[in-house]
Amino acid sequence: MKQLLLLIDIDENKIVLVKEISAGYKAQRFLADLGIHEGERIRVTKNDVGPVIVEVKGTRVAIGRGLAIKVKVLLEE
Amino acid sequence: MQNDHIIEHKIVFLGNPNVGKSSLFNLLTGSHQHVGNWPGKTIEKKEGHFILSDEFFSLIDLPGTYSLSARSDEEIVTRKFITEEEPDLVCIISDATRLERTLFLALQTMELTKKIAIFINMTDLAEKIGLYIDNKKLEEQLGVPVLLVSATDDNSVIRIKKFLYDAIHTDKYEFNPAMLLYSTKIELMIQSISRQIEYRSICTEYPTRWLAVKILEGDESVIETLEAEYDLTNVFDKINKLAKSEKLDLNVELSKSKYSILHKIVASSVTGFKDFQESRSDKVDKIILNKFWSYPILIVIYAAFFLITFYASSPIINGIDLGISQFSFIVENWLININSPAILTSLIVNGIIAGIAAVLLFIPIIVIFYSLIAIMEDSGYLARSAFIMDRVMSKFGLQGTAFLSMVMGFGCNVAGIMATRTIKNEKDRISMIITNSFLPCAARLGVIAFLTGIFFEPWLAALLMLTLYGFSIFLVLASSLLFGLFFKKNDPLPLIMELPEYRRPRLRNIYYLTWTRAGIFIKKAGTFIFIASLFIWLMSSIPFGAPPERTIAGYLGRGISYVTEPLLGLDWKMVIPLLFGIPAKEAIISALGILYSTGGSIIEVLKASWSIPQAISFLLFQLTYAPCFAALAAIRSETKSWKLTALGFYYPIIVTIIFTTIVFQILNFVM
Ligand SMILES: Nc1nc2c(ncn2[C@@H]2O[C@H](COP(=O)(O)OP(=O)(O)O)[C@@H](O)[C@H]2O)c(=O)[nH]1
Ligand SMILES: [Mg+2]
């Protein structure tokens, strides 16, 4: 089994599979409406300072660092 | 509505933000549109119409939204509208380059109504990146008409109009939205709830299946309305037990299912979609959002924005000023020639013409200000600046979008207050509404530029101006911290924000964006300024023929100056313009003009009458002391509370008196 990582620790340009989001239900539902939920593949386009930006379904979504730390992902090779 | 067109069709545009909804709406309706508010809500309502074959098609542009859950007022308004107003057709606008995301809303809407059409916009961009969309295949699977359009192509407009006409008059198109089947487990639950609903003969304007789905999702608004009339404890107990045993958030589960259904549909009808590749916008963002460069770039862009606004508008303003004073001179001479009574001449020249002038003089700066904002907005930079500023704003307990309402406020506080609508957190929103008037609008920029230019060397004037602006920003941010201590903090939603693609700004959009915002100023503020100017004329002319200090305004100013002179250094002649500036800040300059132009040029007279500490005290005081009446009206309509409106009026006055007293006393002591 591969190890679960936090979205906040993923390098730019890496593609990951979302495994678990343990945030408040409002944030979780908003993310789900944007297509970010368990089982979705996303690409990290920016992650240095400030919010993490991910590509999902051809769109770019910024996620605050406080939330990004609650998103557990699996790294794809 | 017009009565000569008897047949009227109601058509609604619905879609995610940035799909080109407004662009299509503008193309279809042209200038036949107006912006209003939803009754009781601070949600913008844009209505327009076009006429085809003598029939009236009224179009409604709903606010951009990602879903139809009840998380925001936008979503509630949208839902209500679709079910209660029974539009003839709901048009879901979708973006060809982001099909899966933007069709999600279509799937949600299909559960709510049958009368749906899908317009896939931005097909010109799709073509460029080699996307091919088979709309027939989409139609087959979704069961509703799908049109491929582009707001860049005028032909699309003709096709849309023809489509709308045919959709209503012929049965050329089918409206049988496909029923989406969720997983077996969820379907069983939906059926069980549906039975319960039917068993209790619950009757609403919503379809049963949709109600069942919403109950499963835990939609508060639906559940509340139902619970008010029916006993549903059994149903909820069942759902809760199930959700707990499976450790599921059913709301998330349902969204997930919709997306997975969509994924299949899109995969079978679209070819050439390339995921996970660095786009042009990503490349630009590497620079614009860079950890070292983002702030310097932001500062340069905003500095340029303010400088251009200032320098491009000043020749126009001077021109208008010159024109008006000549016109006023001619009118005055003519009135004197025909022996009109002195009071009438004064009313026309110093009251009416001066009032119109006060409005006209601020139009250029407002128009230039908002067209530059529109360029930033349309290019995609404005959203990024909210993103960049999020880090700074969060130090003050605010979100990045609060920054945008501040920027807007520098043009006109009414627009700034209205821009707080994008702030999702209620406490932050109220704090930003109440403090927006601290930020000097274009009218106060006029006063600041005028007075600093008179009293200081250019470099010192520039420095002072920057200091004043900085101070006003400081007040807004510090107040937010202060309010944070008093208002209960409802746990803030973390930042989740879609970043639009960078686009070349389009003239048509800039025109419409500027027109709506500058229009707010011209209509709302315009009437206030004009009435205030007449009022000022009246106060400073009665009794007629008396010297300024013996008019009503003079007595008022002298009364107040007993307090303000020792405290703030503001004598009676300085108090009057400030008093007149309460309803409309534009009045400050015109009042200064009337009071200080006897016995020489206004510049000379002002220089001779004010000490430097007094001038600084005046500048500082007028910067923040009170929202104009138009802004007050905006505070009231945005907060729906008289208490908060009163707070919005008194809070700035108290804060300003405290700070100005401190500054004046120190300056007076050292100078
Ligand atoms: N290339 C292209 N750009 C479009 C099209 N429709 C809209 N846009 C651009 O997309 C951006 C967002 O459009 P807007 O109408 O404001 O979207 P709204 O948020 O849905 O109202 C603007 O910059 C438009 O110029 C289109 O069909 N083709
Ligand atoms: Mg729009």
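Residues numbered from 1 in each chain as written. Chains lettered and ligands numbered in written order. Predicted model: local features only at pLDDT ≥ 70, side-chain atom pairs only at ≥ 80, totals over all residues. Heavy atoms only, no water.

Undergrad: Teacher, can you tell me more about the overall build of chain B here?
TA: Check the secondary structure of chain B and you find 28 helices and 10 strands. For chain B, the C-alpha atoms occupy an extent of roughly 90 × 55 × 55 Å along the three principal directions. Residues classed as buried in chain B amount to 55% of the 671 residues present. Contacts spanning at least 24 positions in sequence make up 73% of the contacts within chain B whose residues lie at least 6 apart. Split by element, the accessible area of chain B, about 30400 Å² in all, is 64% carbon and sulfur. On chain B, the mean spot of the 61 positive side-chain charges and the mean spot of the 62 negative ones are 4 Å from each other. (Helix = DSSP H or I, 4+ residues; strand = E, 2+ residues; numbered from the N terminus. Buried < 20%, exposed > 50% of the residue type's maximum accessible area, 1.4 Å probe, protein only. Contact = heavy atoms within 4.5 Å. Areas by Shrake-Rupley, 256 points an atom, 1.4 Å probe, with all protein chains shown as cover. Lys, Arg positive; Asp, Glu negative; His and termini not counted. Charge placed at Lys NZ, Arg CZ, Asp CG, Glu CD.)

Undergrad: How do you make sense of the packing of aromatic side chains when you look at a structure like this?
TA: Here the distance between the centres and the angle between the planes together describe a pair of aromatic rings. Residue and element names in this part refer to chain B. If you walk through the whole model with that rule in mind, you get 28 aromatic pairs over all chains. Note on Phe455 and Trp610: the rings are 5.8 Å apart at their centroids and 10° apart in plane angle, and the pair reads as stacked. Of this pair, Phe455 sits in helix H19 (residues 442-455) while Trp610 sits in the loop between helix H25 (602-609) and helix H26 (612-624), and the two are 155 residues apart along the sequence. Classification of Phe455 as buried rests on a relative accessible area of 13%. Between Phe471 and Phe659, the ring centres sit 5.3 Å apart and the planes meet at 75°, which makes this aromatic pair edge-to-face. Remark: Phe659 occurs in helix H28 (residues 642-670) and Phe471 occurs in helix H20 (residues 458-486); sequence separation between them is 188 residues. (Phe/Tyr/Trp six-rings, centres within 6.5 Å; stacked < 30°, edge-to-face > 60°.)

Undergrad: Sorry if this is basic, but what is going on with the domain arrangement of chain B here?
TA: Interface size is often expressed as the accessible area that is lost when the parts come together. Residue and element names in this part refer to chain B. For chain B, the assigned domains read domain 1 (7-168), domain 2 (184-271) and domain 3 (294-493 + 504-670). Averaged C-alpha coordinates put domain 1 and domain 2 at centres separated by 26 Å. Taken over both partners, the interface formed by domain 1 and domain 2 buries close to 2200 Å², and the fraction arising from carbon and sulfur atoms is 59%. Where domain 1 meets domain 2, there are 2 salt bridges. In this structure, the salt-bridge partner of Arg79 is Asp219, at a minimum N-O distance of 2.7 Å. Seen at the junction of domain 1 and domain 2, the total is 6 residue pairs in polar contact (both at pLDDT 80 or more). (Domains from an automatic or database assignment. Buried area = accessible area lost by both parts, 1.4 Å probe. Salt bridge = Lys/Arg side-chain N within 4 Å of Asp/Glu carboxyl O. Polar contact = N/O pair within 3.5 Å; in protein donor to acceptor, adjacent residues only side chain to side chain.)

Undergrad: How do you make sense of the interface of chain B and chain A when you look at a structure like this?
TA: Listed by partner, the interface residues are 36 residues for chain B and 37 residues for chain A. Scanning the region where chain B abuts chain A turns up 4 salt bridges. At the boundary of chain B and chain A, one finds 16 residue pairs in polar contact (both at pLDDT 80 or more). Mapped onto the side of chain B that touches chain A, the elements with two or more residues apiece are helix H3 (99-110), helix H11 (250-269), helix H12 (280-288), helix H15 (381-394) and strand E10 (496-499) of chain B.

Undergrad: What is the right way to look at the sheet that holds strand E5 (residues 59-63) of chain A in this model?
TA: Strand pairing in a sheet takes place through backbone hydrogen bonds and is either antiparallel or parallel in direction. As summarised here, the arrangement of the 7 strands in space is E1(A)-E6(A)-E2(A)-E3(A)-E4(A)-E5(A)-E10(B), forming an open sheet in which the pairing is antiparallel. Edge strands, defined here as strands with exactly one partner in the open sheet, are strand E1 (5-6) of chain A together with E10 of chain B. The pairing of strand E3 (residues 41-46) of chain A with strand E4 (residues 52-56) of chain A spans 3 bridges and is classified as antiparallel. Looking at the pairing, Arg43 of chain A lines up with Glu55 of chain A of E4 of chain A. (Pairing = 2+ DSSP bridges.)

Undergrad: Quick question: what am I supposed to make of the site of ligand 1 here?
TA: Residue and element names in this part refer to chain B. In the vicinity of ligand 1 there are 19 residues, among which Ser22, Ser23, Ala151, Asp378 and Asn509 approach most closely. Take Lys21: an N or O atom from its main chain is 2.8 Å from an oxygen atom of ligand 1. Here an oxygen atom of ligand 1 and a side-chain polar atom of Asn509 are 2.5 Å apart. When isolated, ligand 1 has an accessible area of 580 Å², and the protein chains bury 89% of it. The set of elements that each furnish at least two residues to the shell around ligand 1 consists of helix H1 (21-29) and helix H4 (123-128). Considering each element in turn, the shell around ligand 1 owes the most residues, 3 residues, to H1. Here the residues of the shell around ligand 1 are counted per class, giving 5 nonpolar, 9 polar and 5 charged. Looking at which domains feed residues into the shell around ligand 1, each of domain 1 (7-168) and domain 3 (294-493 + 504-670) gives three or more. (Near = heavy atom within 4 Å. Nonpolar A, V, L, I, M, F, W, Y, C, P; charged D, E, K, R; others polar.)

Undergrad: For this particular structure, what's the right way to read the environment of Ile261 of chain B?
TA: Residues and elements named next belong to chain B. The topology assignment puts Ile261 in helix H11. For Ile261, a relative accessible area of 17% corresponds to the buried category. Through-space distance from the C-alpha of Ile261 to that of Gln141 is 10 Å; in sequence the pair is 120 residues apart. The residues contacting Ile261, other than those within four sequence positions of it, are Leu180 and Leu181.

Undergrad: Just to check I follow, could you spell out the side chain of Thr661 of chain B for this structure?
TA: By the secondary structure assignment, Thr661 of chain B is in helix H28. Ignoring anything within four residues of it in the chain, the contact list for Thr661 of chain B reads Leu567 and Leu568 of chain B.

Undergrad: Which parts of the structure should I look at to understand the environment of Tyr650 of chain B?
TA: Note that Tyr650 of chain B resides in helix H28. Between the C-alpha atoms of Tyr650 of chain B and Ala626 of chain B, which are 24 residues apart in sequence, the distance is 7.6 Å.

Undergrad: What should I look at first to understand the nonpolar core in this one?
TA: Soluble globular proteins tend to pack their nonpolar side chains together in the buried interior. All names here are of chain B. Core analysis: the largest hydrophobic core is formed by 119 residues, its most contacted members being Tyr302, Leu451, Trp610 and Phe618. Take this core: its biggest share by element is 12 residues, from helix H14 (residues 342-379). With near-sequence residues (within four places) excluded, Trp610 lies in contact with Leu451, Phe455, Met574, Leu592, Tyr596, Ala615 and Phe618. Membership of the second largest hydrophobic core comes to 58 residues, among which are Leu103, Phe104, Leu142 and Ala243. (Core = buried A, V, L, I, M, F, W, Y, C linked by side-chain atoms within 4.5 Å.)

Undergrad: Honestly, the packing of helix H13 (residues 294-337) of chain B against H15 of chain B in this entry has me stumped. Any pointers?
TA: For any two helices packed against each other, the geometry comes down to the angle between their axes and how far apart the axes lie. All names here are of chain B. Across the interface, H13 lies against H15 with an axial gap of 11 Å and an inter-helix angle of 125°. Regarding the angle of H13 to H15, the classification is oblique. The crossing of H13 and H15 is left-handed. Mapping the contact onto sequence places Ser294, Tyr295, Ile297, Leu298, Ile301 and Tyr302 in H13 and Tyr381, Leu382, Ser385, Ile388, Met389, Arg391 and Val392 in H15. Split into classes, the residues belonging to the contact of H13 with H15 amount to 10 nonpolar, 2 polar and 1 charged. (Axes fitted to C-alpha atoms, helices over the stretch in contact; angles between N-to-C directions. Parallel < 35°, antiparallel > 145°, perpendicular 65-115°, else oblique. Left-handed = near helix turned anticlockwise from the far one by under 90°.)

Undergrad: I'm lost on H1 of chain B in this one. Help?
TA: An α-helical segment advances 3.6 residues per turn. Residues three or four places apart therefore align on the same side. All names here are of chain B. Of all 9 residues making up H1, 7 are buried, and the element is well covered by its neighbours. Along H1, the positions that sit buried rather than exposed are Lys21, Leu24, Phe25, Asn26, Leu27, Leu28 and Thr29. Positive backbone phi, approximately 60°, marks Gly30, located one or two places after H1.

Undergrad: I tried to follow H19 of chain B on my own but got confused; where do I start?
TA: Residue and element names in this part refer to chain B. For H19, which comprises 14 residues, the first-to-last C-alpha distance of 20 Å matches the rise-based estimate of 20 Å (1.5 Å per residue) to within 8%. For H19, the buried fraction is high: 10 of the 14 residues fall into the buried class. Buried within H19 are the following residues: Ala442, Ala443, Arg444, Leu445, Val447, Ile448, Leu451, Thr452, Ile454 and Phe455. (Expected span 1.5 Å × (residues − 1).)

Undergrad: Honestly, the pattern of salt bridges in this entry has me stumped. Any pointers?
TA: Where charged atoms of side chains with opposite charge meet at close range, the side chains can pair. The final tally for this structure, using the stated rule, is 31 salt bridges over all chains. Of the charged contacts in the structure, one is a salt bridge between Glu38 of chain A and Lys256 of chain B, with a shortest N-O distance of 2.7 Å. Residue Glu38 of chain A is located in the loop between helix H1 (25-33) and E3, and its partner Lys256 of chain B is located in helix H11; the two belong to separate chains. Taking the shortest distance from any N to any O, the salt bridge between Asp154 of chain B and Arg508 of chain B comes out at 3.9 Å. Here the residue Asp154 of chain B occupies a position in helix H6 (residues 154-169), and Arg508 of chain B occupies one in helix H21 (residues 507-539), the gap between them amounting to 354 residues. Note on Asp154 of chain B: relative accessible area 48%, which makes it partly exposed. Given the relative accessible area of 42%, Arg508 of chain B is considered partly exposed. Connected through shared salt-bridge partners, Arg43, Glu55 and Arg60 of chain A together with Asp282 of chain B make up one network.

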